[in-house]
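Close look at the chain arrangement
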Amino acid sequence: MGLKLDSDFLWGGAIAAHQAEGAWNVGGKGVSIADILTAGAHNQPRQITDGVIAGLNYPNHHGIYFYESYKTDLALMAEMGFKAFRTSIAWTRIFPNGDDAQPNEEGLQFYDDLFDEMNRLGIEPVVTLNHFEMPYHLVEAYGGWSDRRVIDFFVTYAETVFNRYQDKVKYWMTHNEISNQANLVDEAMSEFMIWTNSGLRFPAGTPTEEKLAAMVQAGHYELVASAKAVAIGHAINPEFMIGGMLNVAPLYPASPKPADNLAVQKARQARDWFSDVHVRGAYPAEFEAFADRTGFRPDITDEDRAVLQAGTVDYLAISYYNSFVVKATSAGDTEFEDAHGFEIVPNPEVQVSDWGWAIDPQGLRYTLNELNDLYPGLPLMIVENGFGAYDEVVDGQVHDQYRIDYLKAHIAEMEKAIVNDGIPVIGYLSWGPIDIVSAGTGEMSKRYGYVYVDLDDMGEGSGERLRKDSFEWYKQVITSQGVTL
Ligand code: P53
């Protein structure tokens, strides 16, 4: 039995345009940074190619054909009782190159239709402006977010869609998982994360310090762009709820050693300045100290600081999948010792998924409490949580008890955080309620859905949709307001 949540709690699911829509070159859409990512696999990174190269497998080009199938797919979400559905607007459908003088009307019309359909079904749209989908032209012509001019391109895009959908969408978020690029995870993922967040690529052998400096600069421009968008959005519609979006993984010390505990704090600080700026409108002390100490002076003007202060977010949207264990290392003699004085080690206390992601439901409750300690009273929305797993179809059925087990345990911990700990969580949108292309690996076979999509890693298959066992289960969760788990 779970704990009952309020009737206005936003139960639902979340996807991103580039992982679902396909139609990558249809309706006037431009090439995005996701369109030049090839398919990878667990422990085999996706390649970032120079433009689209014939003969390579680019899974985002087809996604699950959501561009054509959204009505029938949303009907399945409505059947489960969804109150909310998160997707992103593909920036390249609106501004194909990013620096275009006029938006693309066909792209705007597509999202009019999509949001109309959600509202018709009584499903609240929750919309990400920038989910790993920057126009590739901005990378080629400006160097991605390394260039200050990209702030204005993003703000123009945000203003365009805020104006257009002001009566159709209330919940927004600016950049998906903006702090991924701080990359605590591993070297292999770092290339992917700085690409998807900032459109940055580095020649092999670039010193870590240089990458770190580029990341901090790009991150600053993204935060300024976000703050400007928040202020403009509120002027357009004061009812808008505009959030920052972060992946939040608890960091645990590898041992009771003081050095490991200090390493946890330092690892958190290397990542959490993004949320501090979003929520408090100012950089934390350790960020300023880092700049002083290293002599690295990012381009942060007094005007930028005023913008950050004037554009703080209304809520934090978070993704939660797993937790990490942090161990202090002896590499403390570089200038950037705090950012590199630790490593991530396996947690012997938890199990992992087939992709090596630690399964830690209690970590969700821990994280929600930690966020409320940091930012008391700030509304939080869980906009991603779920279990990527292989599914098998037998006689038209998918018995995904493993997925139900994962979700059940996480929802139960969330409910304790809300009811027992008093944390203001306003919604739970599980990731990929219908199977989509994995962001990290580009695989179809890493599935999160309640609805199975018959497509394989090569994009072959009928595209047919099937209800998995978890479909009926999640419907019960929503109908019972979280009591029947
Ligand atoms: P996939 C890790 C790696 C890549 C993207 O991931 C990630 C994360 C988690 O921090 O972020 C989100 O598909 C992202 C989604 C993505 C989801 O995690 O690699 O916002 O786009 O699909 C799950 O299993």
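Scroll up for the structure.
Residues numbered from 1 in each chain as written. Predicted model: local features only at pLDDT ≥ 70, side-chain atom pairs only at ≥ 80, totals over all residues. Heavy atoms only, no water.

1. Focus: the overall build of the protein chain
In terms of regular secondary structure, the protein chain is built from 15 helices and 13 strands. Computed over the C-alpha atoms, the radius of gyration of the protein chain is 21 Å, within 12% of the 23 Å expected from 2.2 N^0.38 for a compact globule of 485 residues. Burial statistics for the protein chain: of 485 residues in total, 59% are counted as buried. Partitioning the contacts of the protein chain with sequence separation of at least 6, the portion at a separation of at least 24 is 76%. For the protein chain, the accessible surface area stands at approximately 18400 Å², while carbon and sulfur atoms represent 50% of it. In the protein chain, the 35 positive side-chain charges and the 70 negative ones have mean positions that sit 3 Å from each other. (Helix = DSSP H or I, 4+ residues; strand = E, 2+ residues; numbered from the N terminus. Rg over C-alpha atoms; globule rule 2.2 N^0.38 Å. Buried < 20%, exposed > 50% of the residue type's maximum accessible area, 1.4 Å probe, protein only. Contact = heavy atoms within 4.5 Å. Areas by Shrake-Rupley, 256 points an atom, 1.4 Å probe, with all protein chains shown as cover. Lys, Arg positive; Asp, Glu negative; His and termini not counted. Charge placed at Lys NZ, Arg CZ, Asp CG, Glu CD.)

2. A few points about the environment of Pro424
You can see Pro424 is positioned in the loop between α14 (401–420) and β11 (425–431). C-alpha of Pro424 to C-alpha of Leu368: the two residues are 56 residues apart in sequence and 9.1 Å apart in space. With near-sequence residues (within four places) excluded, Pro424 lies in contact with Asn372, Gly377, Leu378, Pro379 and Leu380.

3. A look at unusual backbone geometry
Phi is positive for Ala23, which is not a glycine, with a value near 45 degrees. Here Ala23 lies in the loop between α1 (17–20) and α2 (66–79). Unusually for a residue other than glycine, Gln481 sits at a positive phi of about 55 degrees.

4. Regarding the site of the ligand
Among the 17 residues in the neighbourhood of the ligand, the closest are listed as Gln19, Glu177, Glu384, Lys446 and Tyr448. Gln19 has a polar side-chain atom sitting 2.7 Å from an oxygen atom of the ligand. Measuring from an oxygen atom of the ligand, one finds a side-chain N or O atom of His131 at 2.8 Å. Within the complex, the protein chains bury 95% of what would otherwise be the 470 Å² of accessible surface of the ligand. Here the residues of the shell around the ligand sort into eight nonpolar, six polar and three charged. (Near = heavy atom within 4 Å. Polar contact = N/O pair within 3.5 Å; in protein donor to acceptor, adjacent residues only side chain to side chain. Nonpolar A, V, L, I, M, F, W, Y, C, P; charged D, E, K, R; others polar.)

5. Remarks on the sheet that holds strand β8 (residues 324–328)
Ordered in space as β6-β8-β9, the three strands form an open sheet in which the pairing is mixed. Both edges of this open sheet fall to β6 (251–253) and β9 (342–345), since each of them pairs with a single strand only. Going across the sheet, the axis of each strand differs from the next one's by a mean of 40 degrees, ignoring polarity. Sheet analysis places β8 next to β9, joined by four bridges and oriented antiparallel. Bridged to Val326 within β9 is Ile344. On the sheet, helix α9 (residues 258–280) packs against β6, β8 and β9 and is oriented at approximately 115 degrees with respect to β8. (Pairing = 2+ DSSP bridges. Axes fitted to C-alpha atoms, helices over the stretch in contact; angles between N-to-C directions.)

6. Some words on the pattern of salt bridges
Once their charged atoms are close, side chains differing in charge can pair, the charge on each being opposite to the other. Enumeration over the complete set of coordinates arrives at 26 salt bridges. The salt bridge involving Arg201 is made with Asp50; its shortest N-O contact spans 3.0 Å. In this pair, Arg201 sits in the loop between α7 (187–198) and α8 (208–236) while Asp50 sits in the loop between α1 and α2, placing the two residues 151 residues apart along the sequence. According to the relative accessible area criterion, Arg201 is partly exposed, its value standing at 33%. Given the relative accessible area of 63%, Asp50 is considered exposed. Put simply, Glu79 and Arg467 hold a salt bridge, and the shortest N to O gap is 2.9 Å. A residue pair is termed long-range when its members are at least 10 positions apart, and Glu79 in helix α2 and Arg467 in strand β13 (residues 465–467) qualify at 388 residues. Judged by its relative accessible area of 33%, Glu79 is partly exposed. Here the salt bridges do not stand alone but share partners, grouping Asp391, Asp400, Arg403, Asp435, Arg447 and Lys468 into one network. (Salt bridge = Lys/Arg side-chain N within 4 Å of Asp/Glu carboxyl O.)

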